[in-house]
Protein chains: 2
Amino acid sequence: MNIGLDMMGGDFAPLEAVKGLQLYLSEHTHAAALFCIGDETLVKPLLEEHQVTSPNLHLIHAPEVIGYHEHPTKALKEKQHSSIAIGFHLLATGKIDAFISAGNTGAMLVGAMFSIKAIQGVLRPTIATIVPKLTGGTGLLVDVGLNADCKPEQMNQFAILGSLYAQHILNINNPKIGLMNVGEEEGKGNILTQATYPLLKENTQINFIGNIEGRNMFDDKADVIVCDGFTGNIILKLAESVYDLTQQRGINDDYFNRFHYENYGGTPVLGVAKPVIIGHGISKAKSFKLMINVAEKMIESDLCAKMTEQFKS
Amino acid sequence: MNIGLDMMGGDFAPLEAVKGLQLYLSEHTHAAALFCIGDETLVKPLLEEHQVTSPNLHLIHAPEVIGYHEHPTKALKEKQHSSIAIGFHLLATGKIDAFISAGNTGAMLVGAMFSIKAIQGVLRPTIATIVPKLTGGTGLLVDVGLNADCKPEQMNQFAILGSLYAQHILNINNPKIGLMNVGEEEGKGNILTQATYPLLKENTQINFIGNIEGRNMFDDKADVIVCDGFTGNIILKLAESVYDLTQQRGINDDYFNRFHYENYGGTPVLGVAKPVIIGHGISKAKSFKLMINVAEKMIESDLCAKMTEQFKS
């Protein structure tokens, strides 16, 4: 198993990426082969300084970096020696089995969609985030911002992709799929959710349990919550701010602490042919380690093949 | 000043409506004239039992009640002696200056729009909720569910209505108007917010400060947050559930306690010609009292006339 990690992505890179590797290696005796993609003049001394050594580590030199404010398509085209461009090249050519970066989100999405491409039959790939449930488990919210405007058929596909992710990565058996809406009854909603409901109801590939409301976000009603990317992005950022509110109020609570971005471990791009994971710009060691763990699970479970299978008509 | 209160609306009516009146009267020496609309065989004994007496109280007998699950238009037509139908009749004929009910929300909205009617020039009335800010103040979120699908021109009007409400009822000077969106920069968003942004930007009737994100919901960036009713309803219910989460985690915090529905004091219908306030179905004494306070402010400030003025072209 070969995992590619962009050492240059994120506000605290490459230091926190190095620390994330260290954390991962300290917890895994049978580690995956890790391809560390970044500027070796910066990365190598840090690895040495932190005594991060392992036969599983392979440094891939990438002299260029795509900055946060660069135009994704333009930057990927012009900076072919950037860590993100090299990462996607390695993934596309099969040298690595998954690619992780906390760098420019737009460049990661463009790379995922154009170097790796959508699974045949998938109208639009999507991004998801995990949701801490009050009952202790973890749910999934999909889409969280890739597709601001959606069609009902896309929402229906998000449900299938999310269901497979919940099943194989979050280990939820027969995940309950809920449609985020403004009321419980069928027929409620805006034009989009009204049109999406019957598609989900008729979809035999998922365990659709009906509409859920904002109040059900953190309860046990649904494991996978489907919404358009506009709604999902607002919910995601609102939920993140709840953690900030507890911090500012001096509240230290096990449940609310689970809202900390560090525990999310990145956002998988679902519906593309190979595992791609995008990290939060403020990722630190723990997030990098969690993203490696998610990549391992995605490879082990052969999630992308399972998704491809579901979209074969 | 004459305020009409539906004594039969809400899960705990008429008892909690009676207790709300008691609370209001205990705090106000110069009380408004209160028209208590409900079944006098139920309400009168309760008023006596709780010793709620005042020359300002006037009991209006309404032998019928519109239940929660009744069809709004049908119920209003068939139950002309219901508390809601009588309330709107009194409001339309000028016998009362504001009408409050925690009863059937649909019937309240239908009554507001068809007995009272929209202010001339207002495309669609809207409903708003207050938002507890971390800095201590109170913001406004509009729309929170009346209009699931919106047009940019409607969103622009919500901004004007919300701005006037924030100014005259929440006492916020030159309220900052923010557009709920998925990114800060102009051009971000779904089709609706992309088209709404330029309208808000060019609108000289409001102090538009740009896009805000889910993370800014409870901070000081905007006083009035404009969104479509689908998004707003999900945010509202999510915020309410945050209070429930703190309760379930045994957290007793002054700030999070402000998320309790009881402190909201009902949802004003904005853009109709007279003050109409809809209470939460689970309203208790404090909510009823707060709704009377809001009605007083709406009458005193002559808010509906100010709104009418703004929509004169």
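Residues numbered from 1 in each chain as written. Chains lettered and ligands numbered in written order. Predicted model: local features only at pLDDT ≥ 70, side-chain atom pairs only at ≥ 80, totals over all residues.

Considerations on the domain arrangement of chain A
Residues and elements named next belong to chain A. Put simply, the rule is: Domain ranges listed in this record stem from an automatic or a database domain assignment. Note on contacts: each residue gets a C-beta atom placed from the backbone, and two residues are in contact if those atoms are within 7 Å. To qualify as a helix, a DSSP run of H or I must reach at least 4 residues; to qualify as a strand, a run of E must reach at least 2; elements of each kind are numbered from the N terminus. Residues were grouped as follows: Ala, Val, Leu, Ile, Met, Phe, Trp, Tyr, Cys and Pro as nonpolar; Asp, Glu, Lys and Arg as charged; and all remaining residues, including Gly, as polar.
Assigned domains within chain A: domain 1 (1–122 + 271–313) and domain 2 (124–260). Each of domain 1 and domain 2 was reduced to a C-alpha centroid, and the two centroids are 25 Å apart. The interface is formed by 15 residues belonging to domain 1 together with 12 residues belonging to domain 2. Here the side of domain 1 that touches domain 2 gets four residues from one element, more than from any other, and that element is helix α11 (residues 303–310). Per-class residue counts for the side of domain 1 that touches domain 2 are 10 nonpolar, three polar and two charged.

Let's talk about the pairing of strand β5 (residues 126–132) of chain B
All names here are of chain B. Let me state the cut-off plainly: With C-beta atoms placed from the backbone, a residue is buried if 20 or more other C-beta atoms are within 10 Å of its own, exposed if 12 or fewer are, and partly exposed between those counts. The pairing criterion for strands is at least two bridges between them, as found by DSSP.
Of all the seven residues making up β5, seven are buried; the element is thus mostly covered by neighbouring parts of the structure. Alternating positions in β5 separate into two faces, Thr126, Ala128, Ile130 and Pro132 on one and Ile127, Thr129 and Val131 on the other, with burial throughout. In this structure, β5 lies alongside strand β10 (residues 267–270), joined through two bridges in antiparallel fashion. Paired with isoleucine 127 across the two strands is valine 269, which belongs to β10. Pairing between β5 and strand β6 (residues 138–142): five bridges, direction antiparallel. By the bridge assignment for β6, alanine 128 is matched with valine 142.

Observations regarding unusual backbone geometry
Among all residues save glycine, negative phi is the norm, and among peptide bonds the norm is trans. Across the junction of alanine 13 of chain B and proline 14 of chain B, the peptide omega takes the value 0 degrees, indicating a cis bond. Looking at the secondary structure, you find proline 14 of chain B in the loop between β1 (2–6) and α1 (15–27). Backbone torsion omega between valine 142 of chain B and aspartate 143 of chain B reads 5 degrees, so that peptide bond is classified as cis. Residues other than glycine seldom take positive phi values, yet aspartate 302 of chain A does so here, at roughly 55 degrees. Of note, aspartate 302 of chain A is situated in the loop between α10 (285–300) and α11. By the C-beta count within 10 Å, which is 14 here, aspartate 302 of chain A ends up partly exposed. Although it is not a glycine, glutamine 51 of chain B sits at a positive phi angle of roughly 50 degrees. In this fold, glutamine 51 of chain B is placed in the loop between α2 (40–49) and β3 (57–61).

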